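Below, each chain spelled out in residue letters.
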Amino acid sequence: MFSGGGWLADLPLSNLRDDGVQTGYLAYAAQSNTAAEEDTCFDIDHGQPVPCAGLAIPDGNWSPACNVTVTRANDADFTDVVATATGEVYPVLYPLGTQPSTSPYLISGKPTIRLPKMPFIALFDPVHVARYTRVEISDPLNPDGYIRIPRLFMAGGYEPFYNMQYGARLRPIQRTRVRESVAGARFFDERAPRRVWTLEYDLLPQAELLASMYEMQATLGVSRQAFFIFDPADTVSRHRTSFMCTLDDPGGIVFSSYERGGASLVLSEVIA
């Protein structure tokens, strides 16, 4: 249950959840009344203690100065705090040496114009259990005068014992339709691309293979959503490599050697 802050009645906080009916479509956004900090915060009562490895908001109309704080607690007054995480939505994205001398990002490394789509991700290590979550968004000078966020994702996490094998592939799948006239002119129905990860895992212990890798695929199927984080320590390219996704045709698991095995995962970005 969501509470707190000041949010439009037509775009309420309940739009942030995947309740099995809206299926997490990003069009169901929540929008605050203003950009004031007393409006751009909210609490979540999960009804019972739940595990949390991380919280992600896949996109938002953030400004470059936006900061977000996530607090987890055992009580509704947030006096018994279990974990907290805070960070800027737009960290350094262009390290020194990656931009030409004329770039406006050369010194700061932070974008100021043509802002890329940017998720906010808060990770907790170790995974903890708590009933209440508080999200505080600080962006009072947002030029839009409000905060609009399409989805909130929070869950426990799974990190395989062995990392994915070399050859992992990240592709921007093009959805733009192309038509060609008789004379040869090409016409484009431009559509946003969809990022897709193709991953191979092997040599995972049999117990993990069954209890984690197989159970994950069986639970998610092709419709339930996950949030894939390529490298938890990499904040520079996190927005390029990490995103909310679904599984394309879960392929199950393969027992490749004695008491060990692997799996192939194809992760397709949720873009709408």
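Residues numbered from 1 in each chain as written. Predicted model: local features only at pLDDT ≥ 70, side-chain atom pairs only at ≥ 80, totals over all residues. Heavy atoms only, no water.

*Asks:* Looking at this structure, I do not really get the confidence of the model for the chain. What am I missing?
*Replies:* When pLDDT drops low, the exact placement of atoms in the prediction is not to be read closely. Looking at the chain, the pLDDT average stands at 94 and 97% of residues meet or exceed 70. Here strand S8 (residues 153–155) stands out as the element of the chain with the lowest mean pLDDT, 94, in contrast to strand S4 (residues 67–73), whose mean of 98 is the highest. (pLDDT = per-residue confidence, 0-100. Helix = DSSP H or I, 4+ residues; strand = E, 2+ residues; numbered from the N terminus.)

*Asks:* I keep staring at helix H1 (residues 206–220) and nothing clicks. Help me out?
*Replies:* Note: α-helices contain 3.6 residues per turn, so residues at a spacing of three or four share the same orientation. Taking 1.5 Å as the rise per residue, H1 with 15 residues should run 21 Å; its terminal C-alpha atoms sit 20 Å apart, in good agreement. By the burial criterion, the buried members of H1 are Glu208, Leu209, Met213, Gln217 and Leu220. In the core, the buried residues of H1 are packed alongside strand S12 (194–205), strand S13 (226–228), strand S14 (243–247), strand S15 (254–257) and strand S16 (260–269). Once H1 ends, the next one or two residues include Gly221, with phi positive near 55°. (Expected span 1.5 Å × (residues − 1). Buried < 20%, exposed > 50% of the residue type's maximum accessible area, 1.4 Å probe, protein only. Contact = heavy atoms within 4.5 Å.)

*Asks:* Explain the packing of aromatic side chains here, please?
*Replies:* Two aromatic rings are characterised by how far apart their centres lie and by the angle between their planes. What the rule picks out here adds up to eight aromatic pairs. Between Phe161 and Tyr162, the aromatic rings sit 4.8 Å apart at their centres with planes inclined by 85°, giving edge-to-face as the arrangement. Classification of Phe161 by relative accessible area gives exposed; the value is 56%. Measuring from ring centre to ring centre gives 4.8 Å for Trp197 and Phe230, while their planes differ by 10°; the resulting arrangement is stacked. With Trp197 in strand S12 and Phe230 in the loop between S13 and helix H2 (238–241), this residue pair connects regions lying 33 residues apart in the sequence. Trp197 gets classed as buried once you look at its relative accessible area, which sits at 4%. Residue Phe230 is classed as partly exposed on the basis of its relative accessible area of 33%. By way of ring pairs, the aromatic residues Phe2, Trp7 and Phe42 are connected into one cluster. Directly above the aromatic system of Phe78 lies the positively charged group of Arg134, at a separation of 4.1 Å from the ring centroid. (Phe/Tyr/Trp six-rings, centres within 6.5 Å; stacked < 30°, edge-to-face > 60°. Lys NZ or Arg CZ within 6 Å of the ring centre and 35° of its normal.)

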